[in-house]
Amino acid sequence: MALDSNSPGDDRSASSAAEKLAGAGLKLVSERGAGAGATGTAGAAPGPGWAADAATDAKGSGATLGSSPIGRGDRKPGRQVPLWLFAALVVVLLIGYGYQVHHASQLEFEVARLEQSLTRAEARLESHRTHLLEIRGGVHDLSARLESLRALIDQDPTAAASKPPAADSPKPAAP
């Protein structure tokens, strides 16, 4: 025997579980929304039971196409992520963040060390440049002396006696 919501007796505990399941599959015409009307047309406003209203046949008999109508209490909850999985994800993200912070601090230390090394290398390079400039100056002076020595070597000794050097020796002062 199916339950009738219009029965005067409120003895619902006496019915069996099979009758309750059979009664859950049926939908009464009066349970439809006020916008659906008595015929169950498709012009009904969407609401919590609109899928069940759309599943009824065109004559409004109230029989649904599925095994049970979709109602507020009959909805199965969607996929929910367990709390422990969320906590594990947060822990993994915190560990990753900590690793990145640690790695960044190591890189900052490495950058500071390399900057010091670069400063020392630049100072040594400048020192070497200064030293090379001194060497070039000395080589230039030495090359000038060698040219004057070559000129002296290439000079004929007999020609030097007949011609007094005007530029090398100072003139005697008149008394």
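Everything below is about the structure shown above.
Below or above, wherever it landed, is the structure these notes cover.

1. A closer look at the overall build of the protein
1) Next: Per the secondary structure count, the protein includes 4 helices and 0 strands.
2) Next: Listing every helix and strand of the protein by position from the N terminus yields α-α-α-α.
3) Next: By residue count, 9% of the 175 residues in the protein fall in the buried class.
4) Next: Across the protein, the fraction of contacts at a sequence separation of at least 24, relative to all contacts at a separation of at least 6, is 29%.
5) Next: Just so you have it, the protein exposes about 15300 Å², and 63% of that area is on carbon and sulfur atoms.

2. A word on the pattern of salt bridges
Pairing of side chains with opposite charge becomes possible as their charged atoms draw close.
1) Next: Summed over all chains, the structure comprises 3 salt bridges.
2) Next: Note that Arg113 is salt-bridged to Glu110, the shortest N-O span being 2.4 Å. Taken as a pair, Arg113 and Glu110 lie in helix α3 (residues 83-154) at a separation of 3 residues, close to a single helical turn.
3) Next: For Arg113, a relative accessible area of 40% corresponds to the partly exposed category.
4) Next: Residue classification places Glu110 among the partly exposed positions, given a relative accessible area of 30%.
5) Next: Ionic pairing is found between Arg150 and Glu147, a salt bridge with its closest N-O pair at 3.8 Å. Highlighted residues: Arg150 and Glu147, both in helix α3, separated by 3 residues, approximately one helical turn.
6) Next: You can call Arg150 exposed: its relative accessible area is 51%.

Reading guide: rules and limits
Residues numbered from 1 in each chain as written. Predicted model: local features only at pLDDT ≥ 70, side-chain atom pairs only at ≥ 80, totals over all residues. Heavy atoms only, no water. Helix = DSSP H or I, 4+ residues; strand = E, 2+ residues; numbered from the N terminus. Buried < 20%, exposed > 50% of the residue type's maximum accessible area, 1.4 Å probe, protein only. Contact = heavy atoms within 4.5 Å. Areas by Shrake-Rupley, 256 points an atom, 1.4 Å probe, with all protein chains shown as cover. Salt bridge = Lys/Arg side-chain N within 4 Å of Asp/Glu carboxyl O.

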